[in-house]
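If you want the building blocks of each chain, they are given just below.
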Amino acid sequence: FFHGGPGYAYRLQIRGGATAAQQQDFSVRFLPDAVRISRSGNAVVYCDVQRRGDFKGDVTVTLEDLPPGVSCPPLVVNEKLPGASGMLVISAANEAPAGSFPIKLRATATVGSQLVTHLAEPMLGGRTVEQAWLTILDAAPFTVEALASISPPRLQQLTGEADALAAKLASPSAQIEVAQAQWEKRVAGPLEWVTLEDATVTASAGTKFVKQSDGSFLAGVDPNPDKETYTVAASTDIGGITAIRIEVIPDPSFPTKGPGRSSSGNFVLSHLVVTAAPQGEPGQAKPVMLHSPRAGFEQEGYPAIDAIDPKPGKGWAMFPRGGNPNEAVFFIREPVGDHAGTLLTFTLDQQYGMQHTLGRFRLSVTTDPEAQAKTGLPTDIINIVNFPADKRSPEQKAQLAAFYRTQDPGFAADTAKLEALRGGISVQSEIARLEATLTTQTPELDAQRDQWEKQALAGAIWLPLDLGEVRSQNGASLKKEPDGSIFVSGASPNTDIYTLVGTTTAKGITALRIEALPDPRLPANGPGRAPNGNFVLTKLVLFASPKDKPEMAPPIEFKTARASFEQQGYPAVDVLAGHNDHGWAILPNTGKPSAATFFTKEPFGAEGGSTLTLSLEHQFAPAAQHSLGRFRIWVTSSQDPEATPTLPADLLADLKTANRNEKQRNALTAYFRTIAPSLQPARLRLAELKSQTGESLTVKRDQEFTLPFLLNRPAFAGDVRVSLEGFIAGRDPNTAAPTPIDGSLKFSPATAGGATASGLLKVKVDGNSGLGTRYCTLKAEAKVGNDTIIQYSAPFVLTVADR
């Protein structure tokens, strides 16, 4: 059945005509039943296919009777890729007509030998209703776009937008220069911190402390409770405190020098609470409102913000940076402290467990009104700011101006959007650049190709032996085929010796290859002439002489041989022994191609080409007619013959053609670009990038990755939460519903606040995630007035691979 939201449910079952015991069928359900979609937006219909019996075929689900301007690609649910099921994504164009329209959902499958199709039956509660509806609304105040997959036209458009934003941000402006000068005055000078010397600390679970000469607190080794809460009280006459700093300090008394007391030296500050009271009036304490903390280092998933916006099992932590100093600065919304005296109370709650508590720490405060602006400034920017303006180099001025534009509130939205655009399209832009590099011919590549052609004809690749004379000692007929192979027919003697004479342009030959080829004209499809298609090559003898000076010479010596397939007990190396009861054979691999490569002891072959005389002996005594039926001979001068390519026949013919036509030249040029050593880095990088984006977006278990997104919000300035939706393999054991994608892809929704037009959704693949394909979409949600508006991105495909 199709399960609706608050109202309808749609029931659909398809059954074949088998008996009840063998019956194949499946049921489908989806929600919501009353779909709402905004113009220029997308909507998602969640669909679930449940199979029964032994039915394993594809099920195609389609939405029908869609109004003009509305589209929805069919969903093909494959049993082998269950993670691809789950969502039908509907898109509405800007000109789609507003209103409500009846729609139908149809599921089609081949059950047995019969094509079965059924319409869904809408249900309300326990009864049938007449119709499901699609409602088209006016454009929403925002839309979301996933940059995981971008079409070439959209990539070009976004690249243009990024270039325009970059030009805008870099354009000189008298108003910006004045604002920058004012900002420089504010952030110039050091940020001074005052340690709270009069502070005292107590612990709820009994931890003992010793105050150090630097004002820090050092926890004793015992006791070391599982969880702990520290309370620090400090009286101070400092007025106008704007920020608080917690420094965590390593110490040799802790595992890995701390600064935490866990076995890894880590800690988790679950919650920091600060109160302020007039001196001598602790009962008048009021909360100090903290915001926007910045830490020197934050463990992934444990940011400092979680210490003031607590979440179960979370907080500020710093694994794997144990043994190093660290700090977190918490800013105060309204300055606190009075020169008449203030009692500050800090509660450091540490409830993570497993002894993840602070071992050594120090508290300090600052009254600098620009504490937030100064904290986190890069060292090189601090150095430039504090360097006399009239003595700065042009490079320093440009660097400072560029950095300031990332801080200026007037440029914040444009800067954030530019960063998101560049981050989102950088991979696609790099792919486009690399593809252009790999398809553009240059004079340098032409020269490299010419050199490669000379090397190839000299034997850098496998070259077929150009045979001129072929004969059989015992009466078989040897004929040269158009592809350069030899086909043997006619008489089929019990034993035979083939003599082949041919020429080659290769010099310094390192290996010879005999390629045994199947052929339907041979018994059992060959490649041998025995009744079962087998052969036994018992001996190989090879002579070589310069092409222009035929002369007698000792036979070429081979050191070893290897074959793509060898019959058990009949390896290719036995050919070099020359015994009549052994040799190279391939049973039971008959009817298929096989090849044996024979490696020479020393390279041979003359500069101007060589004439080779080859003797292939088939003297197998135990059985008759075990001769090769179809074969081809190759040679190479490569130092690594087994890794050397063999060109396709048409390219090899083009290579050996002296006066080539345009088609032949283009074919060789295109092929060379696929192997050119100078282009290898580009080819490798392109393959890597293509695995990270587009339709082949591929991630691995335990991998962290980001999904950049854009928000189009013409007039809406509220917060938008962006998350990932989809399904993975497997079902909930209680409801049998598909498992949501966050079962294997872990993320916290990204919030794009204010007028922010872009962002990054950080995702980590679970180490135990199932492998395979997921059909995903981004979900953007925001409160607009009293309504909650939800928008979806266009869908994209994500594949989880093994580590």
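Reading the values: the criteria
- Sequence order as written defines residue numbering, which begins from 1 separately in each chain.
- Only residues with pLDDT of at least 70 get local features here, since the model is predicted, and only at 80 or more are side-chain atom pairs given and counted; chain-wide, interface and lining totals rely on the full set of residues.
- The side-chain figures draw on all heavy atoms in the structure; neither hydrogens nor water molecules are used.
- Numbering goes from the N terminus for both helices and strands, where a helix is a DSSP run of H or I of at least four residues and a strand is a run of E of at least two.
- Throughout, the radius of gyration refers to the C-alpha atoms, and the reference size of a globule is 2.2 Å times the residue count to the power 0.38.
- Summary of the burial criterion: residues with accessible area below 20% of their type's maximum are buried, those above 50% are exposed, and those between are partly exposed, where the area comes from a 1.4 Å probe applied to protein chains only.
- Methods summary: accessible areas were calculated by the Shrake-Rupley approach with a probe of 1.4 Å, and residue burial reflects only the protein chains presented.
- A positive count includes Lys and Arg, and a negative count includes Asp and Glu. His and the chain ends are not counted in either.
- Think of each charge as sitting on NZ of Lys, CZ of Arg, CG of Asp or CD of Glu.
- The contact rule is simple, with two residues in contact once any of their heavy atoms fall within 4.5 Å.
- Two strands qualify as a pair provided DSSP detects at least 2 bridges between them.
- In this analysis, axes come from line fits to C-alpha atoms, helices being fitted only over the stretch in contact, and the angle between any two N-to-C directions falls in the range 0 to 180 degrees.
- A carboxyl oxygen of Asp or Glu within 4 Å of a side-chain nitrogen of Lys or Arg is what we treat as a salt bridge.
- In this scheme Phe, Tyr and Trp rings, the latter by its six-membered ring, pair at centre separations within 6.5 Å, and the angle between planes marks the pair as stacked below 30 degrees, edge-to-face above 60, and tilted otherwise.
- As used in this record, nonpolar core signifies buried Ala, Val, Leu, Ile, Met, Phe, Trp, Tyr and Cys residues forming a set joined through side-chain atoms within 4.5 Å.
- Oblique is the label for every angle not falling under 35 degrees (roughly parallel), over 145 degrees (roughly antiparallel), or within 65 to 115 degrees (roughly perpendicular).
- In the scheme used here, Gly and all other residues not listed as nonpolar or charged are polar, with Ala, Val, Leu, Ile, Met, Phe, Trp, Tyr, Cys and Pro taken as nonpolar and Asp, Glu, Lys and Arg as charged.
- A residue's pLDDT is simply how confident the predictor is in it, with values from 0 to 100.
- As used in this structure description, the phrase polar contact means that two N or O atoms lie within 3.5 Å; if the pair is within protein, one of them must be able to donate a hydrogen and the other to accept it, and residues adjacent in sequence are counted only when both atoms belong to side chains.
- A helix is expected to span 1.5 Å multiplied by its residue count minus one.

1. Quick look at the overall build of the protein
Working step 1: When its secondary structure is counted, the protein shows ten helices and 49 strands.
Working step 2: By the compact-globule yardstick of 28 Å for 803 residues, the protein is too spread out, its C-alpha radius of gyration being 38 Å.
Working step 3: When the backbone C-alpha atoms are referred to their principal axes, the protein occupies close to 120 × 75 × 65 Å.
Working step 4: Counting every position in the protein, which comprises 803 residues, the buried fraction comes to 46%.
Working step 5: Here the protein displays about 38,100 Å² of accessible surface, and carbon together with sulfur accounts for 52% of that area.
Working step 6: Charge-centre separation for the protein: the mean point of 76 positive side chains lies 3 Å from the mean point of 83 negative side chains.

2. Points about the environment of Val-70
Working step 1: Note on placement: Val-70 falls in strand 7 (residues 70-71).
Working step 2: Taking C-alpha positions, Val-70 is 25 Å from Phe-716, a pair spaced 646 residues apart along the chain.
Working step 3: Sequence-distant contacts of Val-70, defined by excluding residues within four places in its chain, comprise Ile-90, Ser-91, Ala-92, Ala-96, Leu-134 and Ile-136.

3. Thoughts on the sheet that holds strand 46 (residues 758-765)
Working step 1: Spatially, the four strands line up as an open sheet ordered 15-40-46-44, and their pairing is antiparallel. Here the strands that pair on one side only, and so sit at the sheet edges, are strand 15 (143-146) and strand 44 (745-747). Across the sheet, the axes of successive neighbouring strands diverge by a mean angle of 35°, strand direction being ignored.
Working step 2: Bridge count for strand 15 against strand 40 (residues 704-712) is four bridges, and the pairing is antiparallel. When the bridges of strand 40 are listed, Thr-143 appears paired with Asn-712.

4. Remarks on helix 7 (residues 443-460)
Working step 1: Among the residues of helix 7, Leu-445, Arg-449, Trp-452, Glu-453, Ala-456, Ala-458 and Gly-459 are the ones counted as buried.
Working step 2: On its buried face, helix 7 is in contact with strand 28 (463-464), strand 38 (630-636), helix 8 (649-655) and helix 9 (662-675).

5. Focus: the pattern of salt bridges
Working step 1: In this structure the tally under the stated criterion is 30 salt bridges.
Working step 2: For the salt bridge of Arg-245 with Glu-327, the shortest nitrogen-to-oxygen distance reads 3.7 Å. Of this pair, Arg-245 sits in strand 21 (residues 241-248) while Glu-327 sits in strand 25 (residues 326-336), placing them 82 residues apart in sequence.
Working step 3: Accessibility expressed as a relative area gives 13% for Arg-245, which makes it buried.
Working step 4: A relative accessible area of 30% means that Glu-327 is categorised as partly exposed.
Working step 5: Between Arg-449 and Asp-450 there is a salt bridge, with its nearest N and O atoms 3.2 Å apart.
Working step 6: Through salt bridges with shared partners, a single ionic network connects Asp-214, Arg-245, Glu-247, Asp-251, Glu-327, Arg-360 and Arg-362.

6. Quick look at the packing of aromatic side chains
Aromatic ring pairs are described here by two measures, namely the spacing of the ring centres and the angle between the planes.
Working step 1: Considering all chains together, one arrives at 16 aromatic pairs under this definition.
Working step 2: Geometrically, the ring pair formed by Trp-183 and Phe-403 is tilted, given 6.1 Å between the ring centres and 40° between the ring planes. In this pair, Trp-183 is assigned in helix 2 (residues 174-187) and Phe-403 in helix 5 (residues 394-407), connecting sequence segments 220 residues apart.
Working step 3: Judged by relative accessible area, Trp-183 falls into the buried class, the value being 4%.

7. With respect to unusual backbone geometry
Working step 1: A cis amide bond links Phe-319 to the next residue, Pro-320, at an omega of 10°.
Working step 2: Note the cis peptide between Leu-587 and Pro-588, where omega equals 10°.
Working step 3: With respect to the element layout, Pro-588 can be found in the loop between strand 35 (558-563) and strand 36 (594-604).
Working step 4: The phi torsion at Ser-40 lies on the positive side, around 65°, for a residue other than glycine.

8. Describing the nonpolar core
Working step 1: Core analysis: the largest hydrophobic core is formed by 59 residues, its most contacted members being Leu-512, Ile-514, Trp-584, Phe-598, Leu-616, Phe-631 and Ile-633.
Working step 2: Element by element, the count of residues in this core is highest for strand 33 (residues 509-516), at five residues.
Working step 3: Every residue in contact with Leu-616, bar those within four places of it in the chain, is listed here: Asp-496, Ile-497, Tyr-498, Leu-500, Ile-514, Leu-537, Lys-539, Leu-540, Leu-628, Phe-631 and Ile-633.
Working step 4: Counting 38 residues, the second-largest nonpolar core is a separate cluster that includes Tyr-230, Val-232, Phe-267 and Ala-328.

9. Remarks on the packing of helix 2 against helix 5
Working step 1: Packing of helix 2 against helix 5 leaves a shortest axis separation of 11 Å and a crossing angle of 85°. When the axes of helix 2 and helix 5 are compared, the pair comes out roughly perpendicular. The residues of helix 5 that touch helix 2, namely those facing Ile-176, Ala-179, Gln-180, Trp-183 and Glu-184, are Leu-400, Ala-401, Phe-403, Tyr-404, Arg-405 and Gln-407.

10. Section: the packing of helix 7 against helix 9
Working step 1: Orientation of helix 7 relative to helix 9, taken along the N-to-C sense of each, is 90°, at an axis distance of 10 Å. As summarised for this structure, helix 7 and helix 9 are arranged roughly perpendicular, according to the angle between their axes. Of the residues in helix 9, those in contact with Leu-445, Gln-448, Arg-449, Trp-452 and Glu-453 of helix 7 are Leu-668, Thr-669, Tyr-671, Phe-672, Arg-673 and Ile-675.
Working step 2: For the contact of helix 7 with helix 9, the per-class residue count stands at six nonpolar, two polar and three charged.

11. Quick notes on the sheet that holds strand 17 (residues 200-203)
Working step 1: Sheet architecture is open: five strands sit in the order 17-20-26-22-23, paired in antiparallel fashion. Edge positions in the open sheet fall to strand 17 and strand 23 (286-287), since each of these has one partner strand only.
Working step 2: Alignment of strand 22 (residues 271-278) against strand 26 (residues 342-350), held across eight bridges, turns out to be antiparallel. Its bridge partner being in strand 26, Val-273 is matched across the sheet by Thr-347.

12. Observations concerning the confidence of the model for the protein
Working step 1: Taken as a whole, the protein shows an average pLDDT of 87; of its residues, 91% reach a score of 70 or greater.
Working step 2: Overall, residues 1-22 carries pLDDT values under 50, and its contacts beyond four positions in sequence, including any with other chains, amount to 83 contacts.

13. Some words on the pairing of strand 30 (residues 476-480)
Working step 1: Relative to strand 31 (residues 486-490), strand 30 runs antiparallel, the two being bridged by five bridges. Across the sheet, Leu-478 pairs through a bridge with Val-488, a residue of strand 31.
Working step 2: The turn linking strand 30 back onto strand 31 is made up of five residues, and Gly-484 within it adopts a positive phi angle of 90°.

14. Considering the side chain of Arg-513
Working step 1: Tracing the backbone through its elements, the reader meets Arg-513 in strand 33.
Working step 2: Buried within the structure, Arg-513 lacks any salt-bridge partner; its nearest side chain of opposite charge belongs to Glu-642, at an N-O separation of 6.2 Å.
Working step 3: Among the polar contacts listed, one links the side chain of Arg-513 to the side chain of Thr-597, at a separation of 2.9 Å.
Working step 4: Apart from the residues lying within four places of it in its own chain, the contact partners of Arg-513 are Trp-462, Ala-595, Ala-596, Thr-597, Arg-632, Ile-633, Trp-634, Pro-641, Glu-642 and Thr-646.

15. Observations concerning helix 5
Working note: α-helix, 3.6 residues per turn, so residues spaced by three or four point in the same direction.
Working step 1: Under the 1.5 Å per step criterion, the end-to-end length of helix 5 is 20 Å for 14 residues, consistent within 8% with the ideal 20 Å.
Working step 2: Residues of helix 5 that are buried: Leu-400, Ala-401, Phe-403, Tyr-404 and Arg-405.

16. A closer look at the environment of Val-77
Working step 1: Tracing the backbone shows Val-77 in strand 8 (residues 75-77).
Working step 2: For Val-77, a relative accessible area of 6% puts it in the buried group.
Working step 3: C-alpha of Val-77 to C-alpha of Val-800: the two residues are 723 residues apart in sequence and 18 Å apart in space.

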